[in-house]
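Listed below, chain by chain, are the residues.
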Amino acid sequence: MSKALIIGGGIAGTVTAMALHKAGIDAEVFEAYPTGADDVGAFLVVFANGLEALRVIDAHDPVAAHSFPAQRIAVFGPDGTQVAERPIAGSGTGPGPRTLRRATLYQVLHAEAARRGIPVHHGKRLVGAQTVASAGGKRVVAAFADGSRAEGDLLIGADGLHSVTRTLIDPDAPRPRHTGQHTVCGYTRATGAEPAAETYTMIRGDRAVFGCTRAPDDEIWWFANIPGTESDRTALQAVGAGEWRDRVAARFPGDATPAAALVRATGDRVIASSAYDIATTPTWYDDTKVVLGDAAHAAAPNAAQGASMAIEDGIVLARCLRDHTDPRSAFTAYEELRRERVEKVVAASAGLAARTGPQNPGRPATGPAGGGADGSDWLTDYRIEW
């Protein structure tokens, strides 16, 4: 095979393009946003497993250079007492987790793809794809909303939670499921209660769970998962930063923790999103099309493994396409290598969401997952052979 069409220029799509480039397969990326999606989202964590996967394609250094580390999680109860502290898996034995803004990760990956000569086309929203016969076998023709078309040997759907590719492969594919939560993130400065360096401070409040970490410039990055009804991006943006601050702070009314103070000290840099997952996607591929990342296995944000799983997907798929002569055989091998692992993450994250949801707000829960005391060492034991 000689050419792949990648739908989606986010984390999954850009990493997949670079992995295919390393495997000797040409790829072009088609991104729906007119100028890139680098302004979308707040911040995220790339765990040790994601960093090791990036190392396979020599893309770990740029990510490390634009992020900061976290070595441990400290957990506090609503009375302000520390109840646990543990290292995050990977810390001390390999590359520890790195925190960075989602926009920064997009920019870093796109810059690295451009350096390698990988074309990225913006304003290309997929509306259809057709498999056609050719002299060398089957080809796929993608159609975009602007009337343009592109042809390749295969099409890779890295188009996220609301994937068009997923429904082209299987019109009956499950829709994303709202978890009953909003994830709210913000940035503030020191208030006298800033978290320790290289630490994720997790606060198990009586009515919600709050997490925060401190960047090297002493800015505090925080997040909270709070109950909320499903809302689209426009509706969430219409709420306004002040209202989101009030909603989050109201979840910690009598707690003897710094959560409410940190939230109220935040200015207008507050971002909210609805939390979704997809428990399972029965069909990942057909003869010429395949999905990966959130398009195949979206997890609730509680385990914070979405970016790392997408990175792993792209590299495993590229290796399978390198090692198999036809796309369908490669897709079969890719699914065999990935399905059990990613569905474990989806289930684990759903479990965390349920334990911190409106029915069980104070139940114990970890913060950013990655192995260790929460029993998920299998996340970092995984190695991708190239």
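Small disclaimer: the values here were computed from a predicted structure and weren't measured. (Residues numbered from 1 in each chain as written. Predicted model: local features only at pLDDT ≥ 70, side-chain atom pairs only at ≥ 80, totals over all residues. Heavy atoms only, no water.)

K.L.:
Sorry, what's going on with the environment of Ala27 here?
P.N.:
Among the structural elements, Ala27 can be located in strand β2 (residues 26-31). For Ala27, a relative accessible area of 10% translates into the label buried. Residue contacts for Ala27: discarding those within four places in its chain leaves Ala4, Ile6, Ala17, Leu20, Ile118 and Pro119. (Helix = DSSP H or I, 4+ residues; strand = E, 2+ residues; numbered from the N terminus. Buried < 20%, exposed > 50% of the residue type's maximum accessible area, 1.4 Å probe, protein only. Contact = heavy atoms within 4.5 Å.)

K.L.:
Explain the pattern of salt bridges to me, please; I cannot follow it from the model alone.
P.N.:
Pairs may arise between side chains of opposite charge once their charged atoms sit close together. Counted under the stated rule, the structure contains 26 salt bridges. Linking Asp146 and Lys124 is a salt bridge whose minimum nitrogen-to-oxygen distance equals 2.7 Å. With Asp146 in the loop between β10 (137-144) and β11 (149-152) and Lys124 in the loop between β8 (120-122) and β9 (126-134), this pair connects stretches of sequence that are 22 residues apart. A relative accessible area of 46% means that Asp146 is categorised as partly exposed. (Salt bridge = Lys/Arg side-chain N within 4 Å of Asp/Glu carboxyl O.)

K.L.:
Teacher, can you tell me more about the packing of aromatic side chains here?
P.N.:
For any pair of aromatic rings, the description consists of the separation of the ring centres together with the inter-plane angle of the planes. Taken as a whole and judged by the stated rule, the model has 10 aromatic pairs. Relative to Phe144, the ring of Phe30 lies with its centre 5.0 Å away and its plane at 20 degrees, an arrangement referred to as stacked. One end of the pair, Phe30, is in strand β2; the other, Phe144, is in strand β10, and 114 residues separate them in sequence. The burial state of Phe30 is the same as that of Phe144; both residues are buried. Among the aromatic side chains, those forming a connected cluster through ring pairs are Phe43, Phe68, Tyr187, Trp221 and Phe223. Seen from the ring of Tyr187, Arg101 lies directly overhead, with NZ or CZ sitting 4.6 Å from the centre. Of note, Arg322 hangs over the ring of Trp386, and the distance from its end group to the ring centre comes to 4.9 Å. (Phe/Tyr/Trp six-rings, centres within 6.5 Å; stacked < 30°, edge-to-face > 60°. Lys NZ or Arg CZ within 6 Å of the ring centre and 35° of its normal.)

K.L.:
Would you take a moment to explain the layout of surface pockets for this structure?
P.N.:
Where empty space is left can be seen by rolling a probe of water-molecule size over the atoms. In this structure, the second largest pocket encloses a volume near 220 Å³. Together, 13 residues line the second largest pocket, and Gly136, Gly137, Lys138, Asp153 and Pro327 are the ones closest to its centre. Broken down by secondary-structure element, the contributors of at least two residues to the lining of the second largest pocket are β10 and α11 (327-355). Along the lines of polarity and charge, the residues of the lining of the second largest pocket split into 2 nonpolar, 5 polar and 6 charged. (1 Å grid on protein atoms, 1.4 Å probe; cavity = no way out; pocket = protein on both sides within 12 Å on 5 of 7 lines; lining within 4 Å. Points joined across faces, edges and corners; volume = space filled by probe spheres on them. Nonpolar A, V, L, I, M, F, W, Y, C, P; charged D, E, K, R; others polar.)

K.L.:
Help me understand the packing of helix α1 (residues 11-22) against helix α4 (residues 102-115) in this model?
P.N.:
In a packed pair of helices, the relevant descriptors are the angle between the two axes and the axis-to-axis distance. At a minimum axis distance of 10 Å, the contact between α1 and α4 shows a crossing angle of 25 degrees. On the basis of the axis angle, α1 is roughly parallel to α4. As for how α1 packs across α4, the hand of that crossing is left-handed. Where α1 abuts α4, its residues Ile11, Thr14, Val15 and Met18 lie against Arg102, Leu105, Tyr106, Leu109, His110, Glu112 and Ala113. Looking at the contact of α1 with α4 residue by residue, the classes come out as 7 nonpolar, 2 polar and 2 charged. (Axes fitted to C-alpha atoms, helices over the stretch in contact; angles between N-to-C directions. Parallel < 35°, antiparallel > 145°, perpendicular 65-115°, else oblique. Left-handed = near helix turned anticlockwise from the far one by under 90°.)

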